[in-house]
Amino acid sequence: MTELSERLDNFESRLRSLEDELHALRRLAQSSSAPATTTPYRELFESQPAPQPTPQRGPTPVPVWNPERRAPRAPRAPRAARPRRAPREPIDLSVLLGARALAWTGGAVTLLGIVFFFVLAVDRGWIGPIARVTLGASVSAVLIAAALWLRKRFGDTYASLSAAGVGIAGFYTTLLAATALYDLIPSSAAVAGAGAIATVGAVLAWRWNSETLASLGLLGAILAPVAIAIQGDLTPLGVAFAGLVLAAATAVAVLKGWRGLQVAAVVCAVPQGLALTFDNPSNTVPVVFGIWLVLAAVPVWQALRTRLTYLPASLLMFSAAFGGYSAAVLFGGDTQGYVLLAVALAYGAAGTALYRRDRDTASLLWAIGLTLAAIGAASLASGATLTIVWSAEAAILAWLAQRIKEPRFQLAAFAWLTLAFAHGIAIDAPPSKLFVENSEAWRAVSSATSLAIAAALVGFWRFEWEDRAEGFLTRMFADLREQQPWIRRGGYALAGITAVYAGSLAVVDLPSTWDWGHVLVAALWSSLAVLLAFTRLRVWGLALLAASIVLVLAYDTAYIDEVQRSWAFAVVAGAAFVSALVWELSFGEALEVPAVGALVASVSLAAASVTELLDGDPRAWVFIALAAGYGLTGVVLLRRRRDFASALGIAALALAFPASVWLLDGTWLVLAWAATGAALAVLARYEERLEYGALAYLGFALVHTLVMEAQPNDVFVAHDHPGSGAPAVLLVLAGLAVFAYVREWLRTPLLWVGGALGLYAATLGILEASERSGGSIDTAFQRGHTAVSAVWAVVGLALLILGLKRSRALQVGGFALFGISLAKLFLYDLANLSSVTRAFSFVAVGMLIMVGGFFYQRLALESRM
């Protein structure tokens, strides 16, 4: 126990000494930034003064800054050590200057030397054909032997790989020269020899596990026909050689996983096949068929070995494009369609055979087969179009992207769909087919239909996928995944718009004339708008209705005849009315703005249609029928949709107004308007908003009466029958009286207006009666004005007396009428009446004013007492 306690004490003392040293180091680090001379390290341990206690008495001293004595700062938390960057790897110059570079350079130069040797030998005639072929084969064999010896003696070296690759390419070049240039070897033997050389190259590349050897030997062999073609045309035999080497190269690439070699082999071989199809010499079809078979079979085999990824799927679709394009170039007429159907059948049969083993690959094969079948059918029917091909490609890519959860295919589908729309709208189905008169609009229906189907399928086959490392594309794919719901909506919307366009192209040529065809187009758009109004897509229906309105206003108004234009207006007006009803009944009780807009469009287009189609009384009666229809609909909807019913009532009154003008005139028109206003005022007891319609019609009646039937000139200008407008004034007065009786809130002002109208009607009646009493018109008219002045003064006196007893307003009215009577005396009677009539007017008005003064004084004194 004693020994243990001593060890603990020793450990404690050492720990304290370490803590003291640590504090000292911190103070040293803090004081190193002070302006004064830093304290030596030893003084921190030996001569550091002990802290003195602060005295408690006296005032607190003012602190003075001393740079040599600074308060210690709180210890800072230690910073986390930054991770060191891994040292960069030095640049390996051996890639450019080492054995690999020398091997590649030497092999390429040697291969070019062999090729140029044959070219030069042909030009100069140095040696005969047999010697040339023998020398080329010997050099190639020496290179192969050297490669085998180097491999056995020194192992895996770049020189051995390069020598073997150049030797194999040299064998191919020699065989091609002996067959194509010199005819030393028959075609059958040449094919067998090419197969043997391709086998040797594939075996060596396989055993040595060298993509370098495969690239030098197999790709060089594939490109050998191009070099030989410098002396002449590309021959089917040379392309057949390239096809055989393509088979060997792609087989090795699939087995070893050399994707670069696989793609490079396809890139080197396919252009030769396409170039051969343009020249189309004899035996071209079997050669192109063989290349297509390799392009189609190897990706299927690759997908079955691993899984369907981007590379085999892309190569498989590329094989379909190669086969379809070659068939289109090599064949014409119905034969082209039948060949495409045969190729489609091959893909479909392969998909059926592989369905149980690999559903993804089988599905892709089926999709390619269906696409080729559609193109073949289109070729047999009316000739294949690029729009249909690109649309089908976009749909296949969208389906494949959803099937294997690969967003890259979806981006490719977008690209193909964009190309299809650009080509279709610009060339196959331009808008001029619909808006410029022609007889071939129906030919663009297939292209527009394919665009609509492709857009719908691209939107339908949207999908979700898990995040994965995609490098700099990670963010783009993440955004693409978030936009998948909008991709579906956008695809469906684009498909719908394009489908409507395709339908318009189909129906515009159906009638015998272009104008009636556009009537059908307007009917198609309007009908679809109504159908969409009954679904959740009513917003799209409203947009289509707006497009229909723009169509008939912007195009039909300017470019089609009057009769057809009126029918187009009528069709769109009916659709707008139904859409307004459906839209309003689909929501709450509040008035919907789209419903009001559709209703306004309906009323306007219906009025325009009837105005252009009919004239005279039939037009007026149709307007009345339309007004009755809108009004009855408003009555039915009054309890459920009061606001919309009011809008319908306004529409009915607006349509009835011009109809009444066309049917009636004079006092009968005033009677109709006054009666309508009175009826609306009575109905306003049940629906208050009708009073605004009543006021409007009564206002129309009043204005028409004062402007047309009973003008103020009738009072001051002598003419026959100055009182002919008095009945119209009385009709307006009756209508206002009914309104004032029913609706109390305007009773007082309406009573004053009614009183003025009554006095105006009495004035006209007095003048009319004076003329009918005999004498000349001027004499009778002046005599009548004397009576008018007297009547105005009598009425003023009556108002004054009644006002003194009951209402100050009547009193003011009496004084106002006295003033008007005096103004008439001095402004009109004094200048226009004869001396006798003028004297009677002054006497009558003056006496009545004196009587008024008497009653005013008497009644005023009584009221004070």
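Residues numbered from 1 in each chain as written. Predicted model: local features only at pLDDT ≥ 70, side-chain atom pairs only at ≥ 80, totals over all residues. Heavy atoms only, no water.

Engineer: So what's going on with helix α15 (residues 386-404)? Which residues, and what values?
Structural biologist: Here α15 contains 19 residues, and its C-alpha end-to-end distance of 27 Å stays within 8% of the 27 Å for a straight helix at 1.5 Å per residue. Taken across its 19 residues, α15 has 15 buried, putting it largely inside the fold. Positioned one or two residues after α15, K405 has a phi angle of 55 degrees, which is positive. (Helix = DSSP H or I, 4+ residues; strand = E, 2+ residues; numbered from the N terminus. Expected span 1.5 Å × (residues − 1). Buried < 20%, exposed > 50% of the residue type's maximum accessible area, 1.4 Å probe, protein only.)

Engineer: Summarise the environment of A710; cite the residues concerned and give the values.
Structural biologist: Inspection of the secondary structure assignment puts A710 in the loop between α28 (690-709) and α29 (713-716). For the pair formed by A710 and T667, sequence separation is 43 residues and the distance between their alpha carbons is 10.0 Å.

Engineer: How would you sum up the pattern of salt bridges? Please name residues and give values.
Structural biologist: Per the counting criterion, the structure on display carries 9 salt bridges. Residue R475 pairs with D479 through a salt bridge whose shortest N-O separation is 3.5 Å. Taken as a pair, R475 and D479 lie in helix α19 (residues 474-482) at a separation of 4 residues, close to a single helical turn. (Salt bridge = Lys/Arg side-chain N within 4 Å of Asp/Glu carboxyl O.)

Engineer: I'd like a rundown of a nonpolar patch on the surface, residues and numbers included.
Structural biologist: A cluster of nonpolar side chains, namely W516, V563, W567 and L613, defines an oily patch on the protein surface of about 360 Å² accessible area. Relative to the helices and strands, W567 resides in helix α23 (residues 562-585). Exposure remark for W567: the relative accessible area of 42% places this residue in the partly exposed category. (Patch = residues over 30% accessible without salt bridge, like charges linked within 9 Å, V, L, I, M, F, W, Y side chains within 5 Å. Areas by Shrake-Rupley, 256 points an atom, 1.4 Å probe, with all protein chains shown as cover.)

Engineer: Before we move on, can you summarise the nonpolar core with the specific residues and values?
Structural biologist: With 97 residues, the main nonpolar core has I222, Y347, L364 and L400 as its most contacted residues. When residues of this core are assigned to their parent elements, the largest contribution, 11 residues, is made by helix α9 (residues 236-256). What Y347 contacts, discounting residues up to four positions off in sequence, is W292, A296, L316, S319, A320, L365, I368, G369 and L372. Of all hydrophobic cores here, the second largest spans 56 residues; its members include L434, V519, L551 and A575. (Core = buried A, V, L, I, M, F, W, Y, C linked by side-chain atoms within 4.5 Å. Contact = heavy atoms within 4.5 Å.)

Engineer: Kindly report on the packing of aromatic side chains, identifying the contributing residues and their values.
Structural biologist: Using the criterion set out here, one finds 18 aromatic pairs in the structure. Judged by centre distance (4.9 Å) and plane angle (85 degrees), the ring pair of F623 and W662 falls under edge-to-face. One end of the pair, F623, is in helix α25 (residues 617-636); the other, W662, is in helix α26 (residues 642-663), with 39 residues separating them in the sequence. For R489, the ring lying beneath its charged end belongs to W486, and the centroid distance is 4.7 Å. Its end group placed over the ring of W662, R619 keeps NZ or CZ at 3.9 Å from the ring centre. (Phe/Tyr/Trp six-rings, centres within 6.5 Å; stacked < 30°, edge-to-face > 60°. Lys NZ or Arg CZ within 6 Å of the ring centre and 35° of its normal.)

Engineer: Describe the confidence of the model for the protein, listing the residues and the values that go with them.
Structural biologist: Residue-level pLDDT values for the protein average 80, and 83% of them are 70 or greater. Considering only residues more than four positions removed or in separate chains, one finds that residues 33-74, a stretch of pLDDT under 50, has 23 contacts. (pLDDT = per-residue confidence, 0-100.)

Engineer: Could you give me a rundown of unusual backbone geometry, with the residues and numbers involved?
Structural biologist: The bulk of non-glycine residues show a negative phi, and the bulk of peptide bonds are trans. Even without a glycine there, the phi angle at K405 is positive, about 55 degrees. Examined against the element boundaries, K405 turns out to sit in the loop between α15 and α16 (407-428). Phi at H721 takes a positive value of approximately 50 degrees, unusual for a residue other than glycine.

Engineer: Before we move on, could you go through the packing of helix α10 (residues 259-279) against helix α12 (residues 310-330) and cite the residues and values that matter?
Structural biologist: Here α10 crosses α12 at 5 degrees, and the two axes come no closer than 11 Å. Classified by the interaxial angle, the pair formed by α10 and α12 is roughly parallel. Between α10 and α12, the residues in contact are R259, Q262, V263, V266, V270, L274, T277 and F278 and L311, L315, F318, F322, Y325, S326, V329 and L330, respectively. Of the residues that constitute the contact of α10 with α12, the class distribution is 12 nonpolar, 3 polar and 1 charged. (Axes fitted to C-alpha atoms, helices over the stretch in contact; angles between N-to-C directions. Parallel < 35°, antiparallel > 145°, perpendicular 65-115°, else oblique. Nonpolar A, V, L, I, M, F, W, Y, C, P; charged D, E, K, R; others polar.)

Engineer: Residue-level account of the side chain of H785, with values.
Structural biologist: Within the fold, H785 resides in helix α32 (residues 777-805). Its relative accessible area of 0% is what places H785 among the buried residues. In this structure H785 touches V715, F716, L767, K824, Y828, D829, L833 and S841, once residues within four positions along its chain are discounted.

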